[in-house]
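Fold and geometry: a report
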Amino acid sequence: MPEYRPHLSAAAVHDALKGSLRELRAAKKNAVLWFGEIWQRKLYEQRGHSSIYQYAQLELGFSKGKTAQYLSLCRSMEHLPQLKQSVARSEIEWTKARVVAKVATPKTEKQWLAKAKSQSRRDLEQTVKRARQDVKTRDS
């Protein structure tokens, strides 16, 4: 990633910003996948920590909430292997995976992945919200 330099042309600044955002998305995706590796294989124990929460707080500076968010997605991806593969291959962003993980099951994973690939994150959030409301209505 190119280092920040002030006073470039509008086109150069725009290109640098877009490139930086692309790299930031890739870095966040990789962070989630690496975090899952640490959690799944209990590698935090080899770093001298008794739990993933302790590791994340002391080694990564994560709050309990952020750790829970990462952990929730990692747990979901263990039960939804196509979702994990889609994130790893950058077919969907990790933020969309987090949304899909709220409703997908092994039986519905493929359908939710198709929606994640074809919808914006905001539209996907609305689709998930409606699906969850439909389930609540049916269960009532």
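For the structure itself, look to the data block above.
Everything in this summary refers to the structure shown in the same document. (Residues numbered from 1 in each chain as written. Predicted model: local features only at pLDDT ≥ 70, side-chain atom pairs only at ≥ 80, totals over all residues. Heavy atoms only, no water.)

1. Observations concerning the side chain of Ser 86
Which entries qualify depends on this criterion: A helix here means a DSSP run of H or I that spans at least four residues, while a strand means a run of E at least two residues long, and both kinds are numbered starting from the N terminus. Under the scheme applied here, a residue whose accessible area is under 20% of the maximum for its type counts as buried, over 50% as exposed, and between as partly exposed, the area being computed with a 1.4 Å probe on protein chains only. Throughout, a contact is declared for two residues whenever any of their heavy atoms are within 4.5 Å.
Mapped onto the fold, Ser 86 is located in helix α5 (residues 81–88). A residue is classified by how much of its surface remains accessible, and Ser 86, at 2% relative accessible area, is buried. In this structure, Ser 86 is in contact with Glu 91, Ile 92, Leu 113 and Lys 117, ignoring residues within four places of it in sequence.

2. Focus on the pattern of salt bridges
Which entries qualify depends on this criterion: Any Lys or Arg side-chain nitrogen located within 4 Å of an Asp or Glu carboxyl oxygen qualifies as a salt bridge.
One pass over the full model with this rule turns up 7 salt bridges. The salt bridge partner of Arg 41 is Glu 37, with a shortest N-O separation of 2.8 Å. For Glu 37, a relative accessible area of 28% corresponds to the partly exposed category. Glu 59 is the salt-bridge partner of Arg 47, the closest N and O atoms lying 3.1 Å from each other. Within this pair, whereas Arg 47 is found in the loop between α2 (43–46) and α3 (52–60), its partner Glu 59 is found in helix α3, the two being separated by 12 residues in sequence. On the basis of relative accessibility, which here comes to 35%, the residue Glu 59 falls in the partly exposed class. What you see here is one network of salt bridges that share partners, running through Arg 89, Glu 91 and Lys 117.

3. Comments concerning the packing of aromatic side chains
As a reminder, the rule being used: A pair of Phe, Tyr and Trp rings is counted when the ring centres sit within 6.5 Å of each other, with Trp represented by its six-membered ring. The angle between the planes then sorts it: under 30 degrees is stacked, over 60 is edge-to-face, the rest tilted.
In this structure the tally under the stated criterion is 4 aromatic pairs. Their ring planes at 70 degrees and their centres at 5.3 Å tell us that Phe 35 and Tyr 70 sit as a pair that is edge-to-face. Pair noted here: Phe 35 is in helix α1 (residues 10–40) and Tyr 70 is in helix α4 (residues 64–79), with a separation of 35 residues, a long-range link. Given the relative accessible area of 4%, Phe 35 is considered buried.

4. Some thoughts on α4
Heads up, the condition is: By this rule the span expected of a helix is its residue count minus one, scaled by 1.5 Å.
Look at α4: 23 Å from first C-alpha to last across 16 residues, which is about the 22 Å you get at 1.5 Å a residue. Along α4, the residues classified as buried are Thr 67, Tyr 70, Leu 71, Leu 73, Cys 74, Ser 76 and Met 77.

Without other data, these values stay purely geometric and don't point to any function.
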